[in-house]
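If you want the building blocks of each chain, they are given just below.
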Amino acid sequence: MTGPGRQVLRGRLVTPERVLTDGVVTVDDARISWVGDAAEWVDDDVWPAPVEVRGMILPGLVDMHCHGAAGYGFPDADPEGARAAAAHHRAHGTTTLVASLVTAPEPEMLAALDVCAGLVETGAAAGIHLEGPFLSPARAGAQDVAALRDPDLPLLDRLLDAGRGHVRTLTYAPELAGAPRLAAHAGARGVVPCIGHTDSDARTARAALAAAARSTLGRAAATHLFNGMPVLHSRAPGPVAAALAAAARGEAVVELVADGVHLAPDTVAAVFDLVGPGQIALVTDAMPAAGMSSGRYRLGRLDVEVSDGVARLAGEGPAESRSIAGGTARLVDVLRRTVRDAGVGLLAAVTAATATPARLLGLHEITGALRPGLRADLFVVDDDLYPVRVMSAGRWAHEPTM
């Protein structure tokens, strides 16, 4: 691993405003110090000669919904396993990762929070996402129904305390009794409330998102839009319509698991057209099978069968009748599918995989773009959007031949 220092890279750059066909990014120790057109860069004796990059330089990717990889899941891994899962995603360009938990009995969630808080404190993760336990039994998906709970402020406080201030997002069902108070309490503690795994109607979802947008924290989101919620219907628009409308008004961010399994490419394209990349966070919802072969895995307390990259709850009956149980893609895979299969422009797709989730997480002054002053998190990809090299805080963390 190369240590930090002064570095100059030249090649195609994806900046917040445009794609530069011939750009330069300079790195001074752990931070980006200059970004711009190569014709405007002034060479002098201070900087080393530029390194010509074959491919393209993106900001490091930001995944705000990830349950694991490499055979390990954040909900039940020991510290070594959690580090291995985070390292797998980092090697594939995700330099900012939020470790997602799932619904489980309180002691198990507290233990997982302790492990994940340690992951954040060592710099391997940027935060924790609580996906449960305050979810709808009717839309549990790959959540343990027996461990679901109605909104409970003391329980929420115990969970947040166990996270040692590192919980950044909470997925909850807004129709549950006490949900508005739960969301307000989470926001007051700096946690973004995200509606999801919900059976709510459109009015309830709309009120929940509007309340979060008006709160002191001022941020709201919908967890994996379309998944874990009723379908959008002309006479029962449900939370999908409410979330899309809130995103179109700039009041919410919607997660899209654009991996070719959770959503059709045309659905992904339509959401980009409707609300724009500034209101979309591309996510993986990855579980332990990410980066692994087909077989049997665990997601929290539940058994999952993975076949041809599709993870579903284990059980009787045809696979297509069983709930999808997370994803097996890395965020670069999601980005590639968004560009290649959904036809979304490169700049828009990169924004949704970097700047938008960074802003929602409150990390936009740290990372999420090729911008001077931000942490030097860079991701070099080839022309087909496959990983080549990864820089995290100025250090080359993964460097096959460029």
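Keep in mind that this is a model prediction, so the values were computed, not measured.

A. Representation of the overall build of the protein. Check the secondary structure of the protein and you find 10 helices and 20 strands. Taking 402 residues into account, the globule formula puts the C-alpha radius of gyration at 21 Å, and the protein, at 20 Å, falls close to it. Projecting the C-alpha coordinates of the protein onto the three principal axes gives extents of approximately 65 × 40 × 40 Å. In the protein, which comprises 402 residues, the proportion classed as buried is 56%. For the protein, the proportion of contacts with a sequence separation of at least 24, taken over those separated by at least 6, is 67%. About 15,500 Å² of surface is accessible on the protein, with carbon and sulfur atoms providing 50% of the total. Here the protein contributes 35 positive and 46 negative side-chain charges, whose respective centroids are spaced 3 Å apart.

B. Layout of the packing of helix H3 (residues 153–162) against helix H4 (residues 179–188). Look at H3 against H4: their axes get within 10 Å of each other, and the N-to-C directions meet at 30 degrees. Judged by the angle between their axes, H3 and H4 are roughly parallel. Between H3 and H4 lies a crossing whose hand is right-handed. Facing H3, whose interface residues are Leu 153, Leu 156 and Asp 157, H4 presents Arg 181, Leu 182, His 185 and Ala 186.

C. Representation of the side chain of Thr 26 within the structure. Inspection of the secondary structure puts Thr 26 in strand E2 (residues 19–29). Ignoring sequence-local partners within four residues, the contact set of Thr 26 consists of Gln 7, Val 8, Arg 31, Ile 32, Ser 33, Trp 34, Trp 41 and Trp 47.

D. Layout of the sheet that holds strand E17 (residues 310–313). Taken in spatial order, the three strands of this open sheet run E15-E16-E17, and their pairing is antiparallel. Of all the strands in the sheet, the pair left with one neighbour each is strand E15 (295–299) and E17. Put simply, the sheet's adjacent strands are angled 35 degrees from each other on average, direction ignored.

E. Examining the packing of aromatic side chains more closely. All chains considered together, the criterion is met by zero aromatic pairs. Positioned over the ring face of Trp 47 is Arg 6, at 4.8 Å from the centre of the ring. In this structure, Arg 336 is placed above the aromatic ring of Tyr 386, and the distance from its NZ or CZ to the ring centre is 3.7 Å.

F. Seen up close, the environment of Val 388. Among the secondary structure elements, Val 388 is positioned in strand E19 (residues 387–392). For the pair formed by Val 388 and Ala 91, sequence separation is 297 residues and the distance between their alpha carbons is 9.4 Å.

G. Examining the confidence of the model for the protein more closely. Averaged over all residues, the pLDDT of the protein is 95; the fraction at 70 or higher stands at 98%. Per-element mean pLDDT across the protein ranges from 83 in strand E20 (residues 395–398) up to 99 in strand E14 (residues 280–282).

H. Representation of the packing of helix H5 (residues 202–214) against helix H6 (residues 238–248) in the model. Where H5 contacts H6, the axes come no closer than 7 Å and their chain directions differ by 35 degrees. Crossing geometry of H5 relative to H6 is assigned as right-handed. When H5 is examined against H6, the residues Ala 202, Ala 205, Arg 206 and Leu 209 are found in contact with a partner set consisting of Gly 238, Pro 239, Ala 242, Ala 243, Ala 245 and Ala 246. Looking at the contact of H5 with H6 residue by residue, the classes come out as eight nonpolar, one polar and one charged.

Rules used throughout
- Residues numbered from 1 in each chain as written.
- Predicted model: local features only at pLDDT ≥ 70, side-chain atom pairs only at ≥ 80, totals over all residues.
- Heavy atoms only, no water.
- Helix = DSSP H or I, 4+ residues; strand = E, 2+ residues; numbered from the N terminus.
- Rg over C-alpha atoms; globule rule 2.2 N^0.38 Å.
- Buried < 20%, exposed > 50% of the residue type's maximum accessible area, 1.4 Å probe, protein only.
- Contact = heavy atoms within 4.5 Å.
- Areas by Shrake-Rupley, 256 points an atom, 1.4 Å probe, with all protein chains shown as cover.
- Lys, Arg positive; Asp, Glu negative; His and termini not counted.
- Charge placed at Lys NZ, Arg CZ, Asp CG, Glu CD.
- Axes fitted to C-alpha atoms, helices over the stretch in contact; angles between N-to-C directions.
- Parallel < 35°, antiparallel > 145°, perpendicular 65-115°, else oblique.
- Left-handed = near helix turned anticlockwise from the far one by under 90°.
- Pairing = 2+ DSSP bridges.
- Phe/Tyr/Trp six-rings, centres within 6.5 Å; stacked < 30°, edge-to-face > 60°.
- Lys NZ or Arg CZ within 6 Å of the ring centre and 35° of its normal.
- pLDDT = per-residue confidence, 0-100.
- Nonpolar A, V, L, I, M, F, W, Y, C, P; charged D, E, K, R; others polar.

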